[in-house]
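Examining the three-dimensional arrangement
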Amino acid sequence: MSAPDLEKLRMSGIGKAIAVLTSGGDAQGMNAAVRAVTRMGIYVGAKVFLIYEGYEGLVDGGDCIKEANWLSVSNIIQLGGTIIGSARCKAFTTREGRLAAAHNLVQHGITNLCVIGGDGSLTGANIFQKEWNGLLEDLVKEEKITEDVAQLYSHLNIVGLVGSIDNDFCGTDMTIGTDSALHRIMEVIDAITTTAQSHQRTFVLEVMGRHCGYLALVSALASGADWLFIPESPPEDGWEDFMCARLGETRSRGSRLNIIIIAEGAIDRHGQLISSNYVKDLVVQRLGFDTRVTVLGHVQRGGTPSAFDRVLSSKMGMEAVIALMEATPETPACVVSLSGNQSVRLPLMECVQVTKDVQIAMDGKKFDEAIQLRGRSFENNWNIYKLLAHQKPAEHKSNFGLAILNVGAPAAGMNAAVRSAVRVGICHGHTVYMVNDGFEGLAKGQIKEVSWFDVAGWLGRGGSMLGTKRTLPKTCMIAIVENIRKYNIHALLVIGGFEAYEGVLQLVEARGQYEELCIVMCVIPATISNNVPGTDFSIGSDTAVNAAMESCDRIKQSASGTKRRVFIVETMGGYCGYLATATAIAVGADAAYIWEDKFNIHDLKSNVEHLTDKMKTDIQRGLVLRNEKCHDYYTTEFLHNLYSAEGKGIFDCRTNVLGHLQQGGAPTAFDRNYGTKLGVKAVQWITDQLRDSYRRGCKWHNLG
């Protein structure tokens, strides 16, 4: 939303009241959503109330319903769980309970309700809205409210936000808490992998998902698990033989570990539960492998929310308030969902019904239908996992050569993209080469044909296993052309940032001079700065934002208990402010200075005054982010000096330059999954181009 659009909303909610509650199981990111609803509600001029203990607090009223101010939700964005509490409430399932809830809302003048919870909580909210007029009529009959009050509050607006780590709600790409749960799972898998390799063990990892296999599926995709059990697609009869054969084959090829991931609700084709202990005993009895079971349980719900969940919750909370302000008496209850990278509003009960349809399909053993109902993203993840988990002989040799290289700075997730590209290329029958050190390696002949198992174990590795350099083709064009001819390369897959774009452009521009360059070329964007065109996200940016966010969390924590202090934190990103902006949202920074949004001394003065006023409250720390190239003269040192001088006697100032810590570390689940998907998509596109050109009778060097 643009600044002018936001300005139009300012004070549009005067005279209105909004309440927010969290219900059902807790999910990381709920606090960020509560914070966003509260502050956006205050921004539009509405009164905002926090309802404690979910629907139970709504029914009980009294101190469970409290008006909030801006500072009520300060310093909560990084907290897991929900600060306003959540409770299962039997009373709200009865009309008497809903009558009490309606009375409590009317007493506070509340006719706008934001419910953060799962499908059960949202269904309850929808019933509440439909009964609203009848409930008010009953309150009038019982003389608890007057006819005039009933007329004044004659309609209740409902907006839902889905908080569920299982990602089991249809209509949204991602629910609040899912990405954080995946972070916990991947941390455990990475830790398990090291000990499994040391002792040549097999690990059976049980993750949450009684009715939905999303966590298990994405964890398996992001870890390269050997076998996967999800409730939406039970294994075929005789799966025990197939699984043990695959595990044995993997070990015979030199692997020192096996990972089996199982959703807690996994079943066989006859609806019988498949337990993690049954799988463990099977492996021990059939193969004699040292096998251990790890049940993650509520660890997946705990801990600090990921950057993705904090930003997602903030965007959804903001959209929820806008939806409430725009609602009319004819507006049905809606749910704010994520589609692509955009917040959208969908009819609440339509999404709930599709979610229920999934379970109906599973109960009827219509498993293919269940997977389709889960949505395109789920189905795509499932198909990619099946494609990459186990090598299947190519139907025929294609006679095409594909070379894969990394260019520019390393980015977490590059290795996942290379792995999936190699394996899909082999599936299509191509000769696949990996090139070390980018275009420079292509010129020097650092080219090696690879097999399926050469990229085993690459998913969790940070940086670039291939090596990457910023050298551009124009410095070594003739040598590149000679090696393309020598190795009979028909397609190039280049994974990298702006240098990758620029390098491929140089090769394309040289086609008129070298016919060997008339080949298929494809770029996968991979840069922590997220500064390349054509994509909302580039590989590595999610990992970088999480690294910056975790550092800022620690910096904020270090200020606890000290005197009033403001931190100036410099992020990477060159002339792109994505890292600074996304991190600022995720940590609740007081200001963010970026190159794209020009600022002057008046803006700096306003920010200093804001922090001075803030220090007079109970919140005695401030955080300011600065993109490294946001201004030629207002440097990090300048900002430190300015804030130090103006805050003298009120607060002191410290600086932190995050530097290359944003570039290192193991990739997040998002980047592993995203890199895997892009690698598959790229090679499938390249293959289509090659086959189409072959059918048209083009010579290989004219395939471009």
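What counts and how
Residues numbered from 1 in each chain as written. Predicted model: local features only at pLDDT ≥ 70, side-chain atom pairs only at ≥ 80, totals over all residues. Heavy atoms only, no water. UniProt positions renumbered as here; feature names shortened; annotations may be inferred. Phe/Tyr/Trp six-rings, centres within 6.5 Å; stacked < 30°, edge-to-face > 60°. Helix = DSSP H or I, 4+ residues; strand = E, 2+ residues; numbered from the N terminus. Buried < 20%, exposed > 50% of the residue type's maximum accessible area, 1.4 Å probe, protein only. Pairing = 2+ DSSP bridges. Right-handed = clockwise from strand over helix to strand, strands pointing away. Core = buried A, V, L, I, M, F, W, Y, C linked by side-chain atoms within 4.5 Å. Contact = heavy atoms within 4.5 Å.

As annotated in an unreviewed UniProt entry, the chain is 6-phosphofructokinase type B from Leptobrachium leishanense. Per UniProt, the chain carries the Catalytic activity (unreviewed entry) text "beta-D-fructose 6-phosphate + ATP = beta-D-fructose 1,6-bisphosphate + ADP + H(+)". Under Cofactor (unreviewed entry), UniProt gives the following word-for-word description of the chain: "Mg(2+)".

Digging into the packing of aromatic side chains
Tallying each qualifying case throughout the model produces 15 aromatic pairs. Ring plane angle 90° and centroid distance 5.6 Å describe the contact between Phe128 and Trp132, whose orientation is recorded as edge-to-face. With Phe128 and Trp132 both in helix 5 (residues 119–141), this residue pair falls four residues apart, about one helical turn. Overall, Phe128 belongs to the buried group, its relative accessible area being 0%. Classification of Trp132 as buried rests on a relative accessible area of 1%. Considering the side-chain rings of Phe537 and Phe670, the 5.4 Å spacing of their centres and the 70° angle between planes classify their relative orientation as edge-to-face. Of this pair, Phe537 sits in the loop between strand 17 (520–525) and helix 19 (541–558) while Phe670 is found in helix 23 (residues 669–695), placing the two residues 133 residues apart along the sequence. A relative accessible area of 17% places Phe670 in the buried class.

Digging into the pairing of strand 2 (residues 47–51)
Burial analysis of strand 2 places four of its five residues in the buried class, the great majority of the element. The sheet contact formed by strand 1 (residues 17–22) and strand 2 spans four bridges and is parallel. Each residue of the ladder has a partner; that of Val20, found in strand 2, is Leu50. Each parallel crossover has a hand, and the one from strand 1 via helix 2 (residues 30–43) to strand 2 is right-handed. The pairing of strand 2 with strand 3 (residues 65–67) spans three bridges and is classified as antiparallel. Within the sheet, the bridge partner assigned to Leu50 lies in strand 3 and is Lys66.

Considering unusual backbone geometry
With the exception of glycine, the majority of residues adopt a negative phi angle, and the majority of peptide bonds are in the trans configuration. A positive phi is found at Glu53, a non-glycine position, where the angle reads about 65°. Relative to the assigned elements, Glu53 resides in the loop between strand 2 and helix 3 (54–60).

Notes on the pairing of strand 4 (residues 112–117)
Of all six residues in strand 4, six are buried, a share of seventy percent or more. With burial as the criterion, each face of strand 4 is covered, one bearing Asn112, Cys114 and Ile116 and the other bearing Leu113, Val115 and Gly117. Taken together, the six bridges between strand 4 and strand 5 (residues 157–162) define a ladder with parallel strand orientation. The partner of Cys114 across the bridge, within strand 5, is Val159.

Points about the nonpolar core
Counting residues in each nonpolar core, the largest one holds 126 residues, and the members touching the most others are Ile261 and Leu493. The greatest single-element share of this core, amounting to 11 residues, is contributed by helix 11 (residues 307–326). Those residues in contact with Leu493 that lie beyond four places of it in its chain are Leu402, Ala403, Ile404, Leu405, Ala421, Cys522, Ile524, Ala682, Val683 and Ile686. Core analysis: the second largest hydrophobic core is formed by 39 residues, Leu21, Leu113, Leu135 and Ala150 among them.

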